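Examination of the molecular architecture
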Amino acid sequence: MTPKPDRTPRREIAPPRGDNLAREGLPATEVTLTFEDNRLASLVFGQYDQNLAHLERRLGVVVNPNGNHVTVKGPRETAEQASRVLKTLYARAKAGAAVTLGDVDGAIEESNVQRSLFPTADSGKTSFDAIVTRKRGPVRARNAAQDAYLRQLKRHELVLAEGPAGTGKTWLAVGHAVSLIEQGVVERMILSRPAVEAGERLGFLPGDMREKVDPYLRPIYDALNDFMEARHVERGLQTGMIEIAPLAFMRGRTLSNAVVLLDEAQNATSMQMKMFLTRLGEGSRMIITGDPSQIDLPPGQRSGLVEAVKLLKDVEGVGYARFEEGDVVRHELVRRIVMAYETASRREREEREAAMRNPSAASEAEREGDSEGLKRMLARERPR
């Protein structure tokens, strides 16, 4: 009987990494893993083995799956690290958690920390912290910065977090707030955010207070729906367990037994930030997040987040978390975009500083630039 051809799409393995290891002078080592459950193993491998392909790209190894067996080939240290990552992902799948490309990145970062902090015997030990909610179960940090952030959230009543977009500042803060409510630590959640116009023009938007601020708080709503069932979110909004409080209207309040989240805090003015910080009441937690590189305030106004970080990050009882461009977890392209903008911004700062140190050279360069521009303009206007 002629066997039927296998038409299942297969992952293409880049041959240079595995075939050229010896040629590049790297001693190749093979590590073989066997998983008990084929179904869980397929979850670890991902659709069309995409998780394994991602692991290959990140660590520079070759991973060959065969049923519930996996062979990892590469330099000894890297191959062993890849095997630890696969074991971690299998444990997560066994616990009922999803295994995505982001989880692969998180397991790799976790293995990097384990390799530097723990001996080989403890390689299976979980190092990154996690938050637990009813809907999502345990949500573990994906890098060292997120791990430090979660530890700050659990340890302090006031936490300031700054960093670029896509690092998980707001998402993890909402998850932590939901976990505090589910544990009974606080009674309600208050979500706030400065409007682009600092609150003065909200009256021109149609609807009641919630409908006026909805467009500004949509990212927080998305995060809420990730950690809570939609019906629970709606019920919380109706009963007041979840409250929408625009920053411009927080003056005079005392927020007790609540977890208060201020998002996009880089657009709060200095006076607004001071007002908001002094709302903290008994039994409350406060989380302030923002990206100093995306300040939309009018020229001449100081960002309340930048000032608060400068004044309070070393104050006892205040937690502080700083994210960098390499901590972006949203998408690989987002990380590259953020790093490209940061590189351009750094180059502009260096050029300005160089111009301030040597103004004569800067003026000469400007004159040369104007001369070249004039030549190009005359060339375009010359009759033919």
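The rules behind the values
- Residues numbered from 1 in each chain as written.
- Predicted model: local features only at pLDDT ≥ 70, side-chain atom pairs only at ≥ 80, totals over all residues.
- Heavy atoms only, no water.
- Patch = residues over 30% accessible without salt bridge, like charges linked within 9 Å, V, L, I, M, F, W, Y side chains within 5 Å.
- Areas by Shrake-Rupley, 256 points an atom, 1.4 Å probe, with all protein chains shown as cover.
- Salt bridge = Lys/Arg side-chain N within 4 Å of Asp/Glu carboxyl O.
- Lys, Arg positive; Asp, Glu negative; His and termini not counted.
- Charge placed at Lys NZ, Arg CZ, Asp CG, Glu CD.
- Helix = DSSP H or I, 4+ residues; strand = E, 2+ residues; numbered from the N terminus.
- Buried < 20%, exposed > 50% of the residue type's maximum accessible area, 1.4 Å probe, protein only.
- Pairing = 2+ DSSP bridges.
- Axes fitted to C-alpha atoms, helices over the stretch in contact; angles between N-to-C directions.
- Contact = heavy atoms within 4.5 Å.
- Phe/Tyr/Trp six-rings, centres within 6.5 Å; stacked < 30°, edge-to-face > 60°.
- Lys NZ or Arg CZ within 6 Å of the ring centre and 35° of its normal.

**Section: a negative patch on the surface**
- Judged by side-chain charge, Glu348, Glu350, Glu351 and Glu353 come together as a negatively charged surface patch.
- Counting through the fold element by element, Glu350 comes out in helix H12 (residues 332-357).
- Among the residues examined, Glu350 registers a relative accessible area of 46% and is labelled partly exposed.

**Topic: unusual backbone geometry**
- Of note in this structure, Asp49 is not a glycine but carries a positive phi near 60°.
- Along the chain, Asp49 falls in the loop between helix H2 (38-45) and helix H3 (50-59).
- Of note, the phi angle at Asn257 is positive, near 50°, even though the residue is not glycine.
- Within the element layout of this structure, Asn257 appears in the loop between strand E8 (242-244) and strand E9 (258-262).

**Description of the sheet that holds E9**
- Overall, parallel pairing links the 6 strands, which are arranged E8-E7-E9-E10-E6-E11 in an open sheet. Taken across any chain shown, the strands that pair with only one partner, and hence form the sheet edges, are E8 and strand E11 (318-322). Taking each pair of neighbouring strands and ignoring which way they run, the sheet shows an average axis angle of 15°.
- Where E9 lies against strand E10 (residues 285-290), 4 bridges are found, and the strand directions are parallel. Bridge assignment links Val259 to a residue of E10, and that residue is Arg285.
- Taken strand by strand, helix H7 (residues 169-183) contacts strand E6 (158-162), strand E7 (188-192), E9 and E10, and its axis lies near 165° from that of E10.

**Remarks on the packing of aromatic side chains**
- Inspection of the entire model under this criterion finds 4 aromatic pairs.
- Between Trp171 and Phe227, the ring centres sit 4.6 Å apart and the planes meet at 45°, which makes this aromatic pair tilted. Residue Trp171 is located in helix H7, and its partner Phe227 is located in helix H8 (residues 209-227); the two are separated by 56 residues in the primary sequence.
- The class for Trp171 is partly exposed, based on a relative accessible area of 27%.
- By relative accessible area, Phe227 is classed as buried at 0%.
- The rings of Phe35, Phe45 and Tyr90 are connected pair by pair, giving a single aromatic cluster.
- In this structure, Arg136 is placed above the aromatic ring of Phe227, and the distance from its NZ or CZ to the ring centre is 5.9 Å.

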